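One-letter residues, chain by chain:
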Amino acid sequence: MPTLSSDDAFAEVKAKVDLVKVVQEYVRLTKRNKDFWGLCPFHQEDSPSFHVNPQRQSWYCFGCERKGDVFTFIELIEKTDKRGALQMLAERAGVELKKLSPEQRDRADLRKRILDLLKLSAQYYEYVLWKLPAGEPGRRLLESRHVGEETARRFQLGYAPAGRGFAEYLRAKKRSLADAQEAGLMRRDGTDFFAERLVIPIRDERGQVLAFTARTVRADEQRKYINSPDSPTYIKGRVIFGLDLARDEVARRGHAVLMEGQFDVITAHQFGLANAVASSGTALTDDQVRLLKRFTDELLLVFDADRAGRDAARKAAALAAHHGMRTRVATVPGAKDPDEFLRAGGHEALQLWQAVVDKAPSGFEAGVSELAAGLNPSNPNQVEAVGGRLREWIRQFPPSLHEAYAEVAERQTGISRHLLLRDPEPAPSAPAKTNGSGSRTPAPRMTPSRYLVQLLAVRPAAFERVSDRLTPEELDSGDRGVFVRMLGSYERGGPAGLEADLAGYPSDEQDLIRRAWAAPPPNVDDEVAVELAERIRLEHMKGMHSGIIRQLSEAERGKDSEKVAQLEAEAREIYRAIADMERRG
């Protein structure tokens, strides 16, 4: 490790690196007057509070109150100590550190040698692909995938031939075969790890080769792809494939198109989608999201169409949300992945692609559609099952989004947002309540009146359609009070009024409403509310008609002719109204 006498090394490195340029590799900065501002990479925020002063070569975040110089920044962003930051920045500045412990010196030297080997290997593979007859299988594969030479060279694609030519090349360049094994380039027997494969370099956002992935050209090879192992230069979950080529287009378009595989990205760039990048087949990680957030706040997720791809898209949407990033999910029709879709589109590929992008819902909405697929709203068991899945889906997002996302899910599915925001109440330990004598109290019968009250508890906005079709007196006596209170809450506070006023309701009414929230009736749309209101009014009018007929019989027995005439008129009027309602219904 650097000793105290290495203060000169710190000073020399600090003199040779520009804090602004270093920070810009991690944070999008905007210049204001002489200073620079951006979103702090060390805490979640929506407005820039991270300030970089180029004159003082210092930074400060007004949000989390962290501060420091270029070494402090690298310590925090790369999760290392000050000596580790010195090592990284010294490599960048070309400063040789002489006061290192043997272990530190060995690790630094190995990393440097491996990076050099990887760069050399990429050049070798690319030369073989385009200049030697041995590269013909690779060229045929690219032709079959509609990848032209210009695109292939941008990605520095190459070909690893069979035999020991790679080892001989390294010997001629005086490179260590042991280092090549450490880098995952060579097997112990001296053969090329990627032999007879099209080789795709994995580069960091600055274009430095860190590893390779390679696709077989042989039909009898069971493993289609093989990859470099993690090494002193490469940790798979920290790299985004294609970002070095896509970063400018990502900034221009305002979003990155995140795919799964490297060939998806290569094909996308071939067809002009230059903001495409890939997570290299891994589940998206925190480190990868942080890396992408340096360049954009929005991701268009275009993963494979199988179940694994859909699951990966949901996980990516939730993870991105925790980093303050927006997502949309595009589904390519009639193809298993973007590569196949674009190649099949030919000259119309871009037009077809744009149609897919235009229809892409948000990451959350896409998850709702998938989790609620096949929902029958009239089946209470299905409603409860889907509601449970959606509750878990909502909880994968930051708590600040839960209310809004529950409303989105309610609009998509008709399932009450109250059900989506709350766990169902636990089932009682006893199957039914008992009265004072020990006998069971039967559960209340689900009448149209009670159904309507529960529906309005779940969907208060339906009062707009119901209030002019029904009076409280027309409901069952046990439902009138809660109906009047709920209507008043809605008129005062809109859809949120019920929840705001609930604490002031009688306890039995609170219980009724909370039960409706936890287990809503099967159908909760406005048309059902109207149908129930009209049914309740019809039943109420039929009851009134029956009552009038009874009064009429009594009046006839009492020989009250004036009363009889009045009741007959009322009975005829109500009968006509009943007939009219039944005819309309």
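Our subject is the structure listed above.
So, a few notes on the structure that sits alongside this text.

Observations regarding the sheet that holds strand β12 (residues 298-301)
The pairing of strands in a sheet comes from backbone hydrogen bonds and takes either a parallel or an antiparallel form.
Then step 1. The parallel open sheet is built from four strands, whose spatial order is β11-β10-β12-β13. Strands at the two margins of the open sheet, each flanked by one partner only, are β11 (276-278) and β13 (326-329). Between one strand and the next, the sheet's axes are offset by a mean angle of 30 degrees, whatever the strand orientation.
Then step 2. When strand β10 (residues 256-259) meets β11, the two strands line up parallel, connected through three bridges. Directly across from V257, in β11, lies its bridge partner A276.

Thoughts on the side chain of H545
Then step 1. For H545, the position within the fold is in helix α25 (residues 526-557).
Then step 2. Of the residues examined, H545 reaches a relative accessible area of 19% and is grouped as buried.
Then step 3. For H545, the residues in contact, after removing those within four places along its chain, are A571, I574, Y575 and I578.

Describing unusual backbone geometry
Then step 1. For E65, which is not glycine, the phi torsion reads 65 degrees and is therefore positive.
Then step 2. Looking at the secondary structure, you find E65 in the loop between β4 (58-61) and β5 (67-68).
Then step 3. Even without being glycine, E196 reaches a positive phi, approximately 60 degrees.
Then step 4. On the secondary structure map, E196 appears in the loop between α9 (177-182) and β7 (197-203).
Then step 5. A relative accessible area of 28% places E196 in the partly exposed class.

Concerning the environment of V530
Then step 1. Note on placement: V530 falls in helix α25.
Then step 2. As a C-alpha pair, V530 and F463 span 67 residues in sequence and 9.3 Å in three-dimensional space.
Then step 3. Apart from residues no more than four positions distant in its own chain, V530 is found in contact with R465, V466 and R469.

A few points about helix α22 (residues 477-493)
Every α-helix carries 3.6 residues per turn, so stepping three or four residues along brings you back to the same face.
Then step 1. Here α22 is 17 residues long and its end C-alpha atoms lie 25 Å apart, about the 24 Å a rise of 1.5 Å per residue gives.
Then step 2. Of all the positions in α22, only D479, V482, F483, M486, L487, G488, S489 and Y490 are classed as buried.
Then step 3. On its buried face, α22 is in contact with α20 (448-458), α21 (463-466), α23 (497-501) and α24 (507-518).
Then step 4. Just downstream of α22, G494 is the residue with a positive phi angle, here 70 degrees.

Examining the nonpolar core
Then step 1. Y125, L142, L185, F194, F212 and W353 are the most contacted members of the largest nonpolar core, which totals 64 residues.
Then step 2. Excluding anything up to four places from it in sequence, L185 contacts L117, L118, S121, Y125, F166, A180, D192, F193, F194 and F212.
Then step 3. Core analysis: the next-biggest nonpolar cluster, separate from the first, contains 42 residues, L319, A321, F397 and A406 among them.

Considering the sheet that holds strand β8 (residues 209-216)
Then step 1. Taken together, four strands build an open sheet; the order of strands is β6-β7-β8-β9 and the sheet is antiparallel. With one partner strand each, in any of the chains shown, β6 (158-160) and β9 (225-227) form the two edges of the open sheet. In this sheet, neighbouring strand axes are inclined to one another by 35 degrees on average, regardless of whether the strands run parallel or antiparallel.
Then step 2. Note: β6 against β7, three bridges, orientation antiparallel. What sits directly across from A160, in β7, is R197.

The rules behind each value
- Residues numbered from 1 in each chain as written.
- Predicted model: local features only at pLDDT ≥ 70, side-chain atom pairs only at ≥ 80, totals over all residues.
- Heavy atoms only, no water.
- Pairing = 2+ DSSP bridges.
- Helix = DSSP H or I, 4+ residues; strand = E, 2+ residues; numbered from the N terminus.
- Axes fitted to C-alpha atoms, helices over the stretch in contact; angles between N-to-C directions.
- Buried < 20%, exposed > 50% of the residue type's maximum accessible area, 1.4 Å probe, protein only.
- Contact = heavy atoms within 4.5 Å.
- Expected span 1.5 Å × (residues − 1).
- Core = buried A, V, L, I, M, F, W, Y, C linked by side-chain atoms within 4.5 Å.

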